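# Fold and geometry: a report
Listed here are the chains, written in short residue letters.
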Amino acid sequence: MKEFSVGGNDAGQRVDKFVLKVTQGLPKSLLYKAIRTKKIKVNRKRCEAGQILAVGDSLQLFLSPDFFGEAQYPWKKLTPSLSVVMEDENLLICDKPAGLSCHSDETQKTGTLIDHIKAYLHKKGEFCPERENSFAPALCNRIDRNTSGLVICAKNAAALRELNEMIRTRRVEKRYLAWIHGEWTGPETVTVYLKKDPEKNKVFVFPTPRKEHLTAVTEVHPLFFDSARDRSLVQILLHTGRTHQIRATMAYFSHPLVGDSKYGLGRGDPDFAHQALRAHSLRFFPEKTSPLAYLEGRLIIAPENGLFSVPKSAPF
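Residues numbered from 1 in each chain as written. Predicted model: local features only at pLDDT ≥ 70, side-chain atom pairs only at ≥ 80, totals over all residues. Heavy atoms only, no water.

We now examine the overall build of the protein. Scanning the protein from N- to C-terminus turns up five helices and 15 strands. For the protein, the spread of C-alpha atoms along the three principal axes comes to 75 × 45 × 40 Å. Counting every position in the protein, which comprises 316 residues, the buried fraction comes to 47%. Carbon and sulfur atoms provide 49% of the accessible area of the protein, an area that totals close to 16,500 Å². Taking the average location of the 47 positive side-chain charges in the protein and that of its 35 negative ones, the two points are 6 Å from each other. (Helix = DSSP H or I, 4+ residues; strand = E, 2+ residues; numbered from the N terminus. Buried < 20%, exposed > 50% of the residue type's maximum accessible area, 1.4 Å probe, protein only. Areas by Shrake-Rupley, 256 points an atom, 1.4 Å probe, with all protein chains shown as cover. Lys, Arg positive; Asp, Glu negative; His and termini not counted. Charge placed at Lys NZ, Arg CZ, Asp CG, Glu CD.)

Let us look at the packing of aromatic side chains. A complete count under the given rule lists eight aromatic pairs for this structure. Relative to Phe-68, the ring of Phe-4 lies with its centre 6.4 Å away and its plane at 40°, an arrangement referred to as tilted. Note that Phe-4 is positioned in strand E1 (residues 2–5) and Phe-68 in the loop between strand E4 (58–61) and strand E5 (84–87), a separation of 64 residues in sequence. Here Trp-179 and Phe-224 contribute two aromatic rings whose centre-to-centre distance is 6.4 Å and whose plane-to-plane angle is 90°, an arrangement assigned as edge-to-face. Here Phe-224 lies in strand E12 (residues 214–226) and Trp-179 lies in strand E9 (residues 172–181), a separation of 45 residues in the sequence. The two residues Trp-179 and Phe-224 agree in class, both being buried. (Phe/Tyr/Trp six-rings, centres within 6.5 Å; stacked < 30°, edge-to-face > 60°.)

Time to look at the pairing of strand E10 (residues 189–197). Bridge analysis of E10 against E12 gives six bridges, and the strand direction is antiparallel. Its bridge partner being in E12, Val-192 is matched across the sheet by Ala-216. Here E10 runs beside strand E11 (residues 202–206); their pairing, made up of five bridges, is antiparallel. Bridging from a neighbouring strand, Tyr-193 pairs with Phe-206 of E11. In textbook terms, the turn of a hairpin is the stretch between consecutive antiparallel strands, and for E10 and E11 this stretch comprises four residues, one of which, Asn-201, has a positive phi near 50°. (Pairing = 2+ DSSP bridges.)

Quick look at the nonpolar core now. Counting residues in each nonpolar core, the largest one holds 30 residues, and the members touching the most others are Leu-113, Ile-117, Leu-139, Tyr-176, Ile-236, Ile-246 and Met-250. For this core, the elements supplying multiple residues, two or more each, are strand E6 (91–96), helix H3 (113–124), strand E8 (148–154), E9, strand E13 (231–238), helix H5 (245–252) and strand E14 (277–284). The element contributing the most residues to this core is H3, with six residues. What Ile-236 contacts, discounting residues up to four positions off in sequence, is Lys-174, Arg-175, Tyr-176, Ala-178, Thr-218, Glu-219, Ile-246 and Met-250. (Core = buried A, V, L, I, M, F, W, Y, C linked by side-chain atoms within 4.5 Å. Contact = heavy atoms within 4.5 Å.)

Turning our attention to the side chain of Thr-147. Mapped onto the fold, Thr-147 is located in the loop between strand E7 (138–139) and E8. What makes Thr-147 buried here is its relative accessible area of 2%. With sequence-adjacent residues up to four places away left out, Thr-147 is seen in contact with Lys-96, Pro-97, Ala-98, Gln-275, Leu-277, Arg-278 and Ala-279.

Listed in full, the buried residues belonging to helix H2 (residues 28–36) are Leu-31, Ala-34 and Ile-35. All buried residues of H2 fall inside an arc of 100° around its axis, so they share one side. Those residues of H2 that are exposed and aimed more than 90 degrees away from the buried face are Ser-29 and Arg-36. Those residues of H2 that are buried are in contact with helix H1 (15–22) and strand E2 (40–42). Once H2 ends, the next one or two residues include Lys-38, with phi positive near 65°. (Arc of directions from axis to C-beta.)

A word on the pattern of salt bridges. Applying the stated criterion to the full structure yields 17 salt bridges. Note that Lys-124 and Glu-126 form a salt bridge whose closest N and O atoms lie 2.9 Å from each other. The class for Lys-124 is partly exposed, based on a relative accessible area of 40%. By relative accessible area, which is 41% here, Glu-126 ends up partly exposed. One network of salt bridges, in which partners are shared, links Glu-87, Lys-124, Glu-126 and Lys-155. (Salt bridge = Lys/Arg side-chain N within 4 Å of Asp/Glu carboxyl O.)

All right, on to the pairing of E8 then. Two faces make up the sheet, and in a regular strand the side chains alternate between them. Of all seven residues making up E8, seven are buried, and the element is well covered by its neighbours. Here E7 runs beside E8; their pairing, made up of two bridges, is antiparallel. Residue Ala-138 lies in a different strand from E8, and its bridge partner there is Ala-154. Where E8 meets E14, two bridges bridge the pair, whose relative direction is parallel. Paired with Gly-149 across the bridge in E14 is Ala-279.

The quantities given are spatial measurements derived from coordinates; they are silent on function.
And the structure:
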């Protein structure tokens, strides 16, 4: 029998979700059977799969020891390398460099951004996985591996829930800087409809809505047109947060991002080895009753990056 005590970062979860996090390889069918047959209990009493855990609760799991293998933390071997832009007791915002994956994927298994954040917080004494049952610092937004800029990490479960809800309800304003081919003369705000092809990891753009398509609303503000290179620096405000929204939308309007090999004209630009896109700023608009209400109107701007600056020779 394995027993877990529910702490602040565990509270507010369903029993079944918690159990899946603290076990390894437990089939869902066996999980729900164990709940029905009282092999999983809360405070030594029968429980339901959807029962919400509270601080101080204890869970008794009468399951095979095979489901409680020793946890491995390869990120502990990292020397953390982070550009921290803003940090408090609830969140950490860092400037991710292009070429670094947010999470492990086919191109990068270890040494990802979240690995460096865990190593950083562990070194500071703010995160110890051995003292946590189900929580680990988690990213609230993510950007492509070859996009640089601001990424938000929640340092506790309450902040994670609140930030995820703020992003879902569009209470976090996200602006990007991008170099695009040509001069943008289109409307300020464009709406298209996206369909993702998971096998190709690519989205396709349509001018009118169809079944299962996602609405994508993008606001584009020209900052500078480089006539010599026939490209523009633009600021982009996302009103929706879809996969590859900026890259696919700009390509659809015949202004693909410089250096974009997936949606644009390919790599080979002397300034950009990958797509010329940077997550430039974040502004927060939490509810007045939110535990993050202190962030109201707070603007976070990424450190200056010369590749995304208006040239000093610009006529303004």
